[in-house]
Amino acid sequence: MAAPPVPPRHVAIVMDGNGRWAQRRFLPRLAGHKQGVESLRRCVRACAQRGIGVLTVFAFSSENWNRPAEEVSGLMELLAKALTREVPQLSQEGVRLHFVGARAGLSDKVRAGLELAQSQTAHNTRLVLNVCFNYGGRWDIAQAAAQLAARGVPITEESLDRALALAHVPDPDLLIRTGGEMRLSNFLLWQAAYAELYFSERLWPDFDEAALDEALAAYHARERRFGQTSEQVQACA
Ligand code: FPP
């Protein structure tokens, strides 16, 4: 019998489509984001069950500040509440939380909540959940370069890689975007260099275990070549 395929070590997700999910139900956009939190909880559990070691999600981009003030404050509130409500359960399930993004611009309450959630889950080893919040790929590359320049370290691919906000995990193998759009929107610009891209028509609140399994099946059907020829890859298999 053939061995089961090795799961991707790292899956990254642009959780798009919350607003449309809500609008289709004549609900405020924030109701879609709330449902998005439910979907995220389900996805974290499903990834852990499938042996995926790292999940990175895009929860709030550097550009999301441009949304209506009510939606921005609603998302901040949602994060604060989700932290209080979800962290004990996530921790019990072996999830280590890591918040990736600029702390500047966040309220003291949100900032303290992020730091506490990180320290409370720091000992967990089953799955690393990176929540990109107030994050942009360009911000990350610029902050890494600035760090190196301030320390007088020459900028190389390796030094920059180590200074990036996701230096604690391997690069994503699979990058999923829900909601039917086909773009990166400033997510993991550096780290996604060799990620397999998968676009789903499903809106994020509807992205369930079956949808995740479809994405994983598509991933397993790909040949990852990392610049080599197909023949070279086959010879090493
Ligand atoms: C994009 O959908 C989604 C976001 C900007 C927010 C993503 C946040 C969550 C899934 C909730 C998890 C959040 C926290 C706080 C942990 P959209 O609003 O752009 O949807 P649309 O394209 O249909 O308008």
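Before reading further, recall that the structure is shown in the block above.
Cut-offs and rules
Residues numbered from 1 in each chain as written. Predicted model: local features only at pLDDT ≥ 70, side-chain atom pairs only at ≥ 80, totals over all residues. Heavy atoms only, no water. Disulfide = S-S within 2.5 Å. Buried < 20%, exposed > 50% of the residue type's maximum accessible area, 1.4 Å probe, protein only. 1 Å grid on protein atoms, 1.4 Å probe; cavity = no way out; pocket = protein on both sides within 12 Å on 5 of 7 lines; lining within 4 Å. Points joined across faces, edges and corners; volume = space filled by probe spheres on them. Helix = DSSP H or I, 4+ residues; strand = E, 2+ residues; numbered from the N terminus. Pairing = 2+ DSSP bridges. Axes fitted to C-alpha atoms, helices over the stretch in contact; angles between N-to-C directions. Phe/Tyr/Trp six-rings, centres within 6.5 Å; stacked < 30°, edge-to-face > 60°.

S.K.: Break down the state of the cysteines for me, citing the residues and quoting the values.
M.R.: By the definition in use, this model includes 0 disulfides. Just so you know, Cys-43 is unpaired, no disulfide at all, and the nearest cysteine sulfur is the one on Cys-47, 4.1 Å from it. Cys-43 gets classed as buried once you look at its relative accessible area, which sits at 4%. Taking the relative accessible area as the measure of exposure, Cys-47 reaches 0% and is therefore buried.

S.K.: Quick one: what's the story with the layout of surface pockets, residue by residue and with numbers?
M.R.: There is about 830 Å³ of room inside the largest pocket. In terms of lining residues, the largest pocket is bounded by 37 residues, among which Met-15, Asn-18, Phe-58, Ala-59 and Phe-60 are the most central. Here the lining of the largest pocket gets 8 residues from one element, more than from any other, and that element is helix H3 (residues 69-92).

S.K.: Before we move on, can you summarise the sheet that holds strand S5 (residues 174-177) with the specific residues and values?
M.R.: Ordered by their spatial adjacency, 6 strands build an open sheet running S3-S4-S2-S1-S5-S6, and the pairing between neighbours is parallel. Unpaired on one side and paired on the other, strand S3 (95-100) and strand S6 (196-199) mark the two borders of the sheet. Across the sheet, the mean angle from the axis of one strand to that of its neighbour is 20°, orientation sign disregarded. Two elements, S5 and S6, share 4 bridges in a ladder whose sense is parallel. Across the sheet, residue Arg-177 finds its bridge partner in S6, namely Phe-199.

S.K.: Which residues make up the packing of aromatic side chains, and what are the values?
M.R.: The description of two aromatic rings rests on the distance between their centres and on the angle between their planes. This model, assessed by the stated rule, comprises 7 aromatic pairs. Arranged with centres 5.1 Å apart and planes meeting at 80°, the rings of Phe-60 and Trp-65 form a pair that is edge-to-face. Judged by relative accessible area, which is 0%, Phe-60 ranks as buried. Given the relative accessible area of 34%, Trp-65 is considered partly exposed. Geometrically, the ring pair formed by Phe-60 and Phe-133 is stacked, given 5.2 Å between the ring centres and 25° between the ring planes. Taken together, the residues Phe-60 in strand S2 (residues 54-61) and Phe-133 in strand S4 (residues 127-135) connect sequence positions 73 residues apart. A connected cluster of aromatic rings, assembled from ring pairs, spans Phe-58, Tyr-135, Trp-139 and Phe-187.

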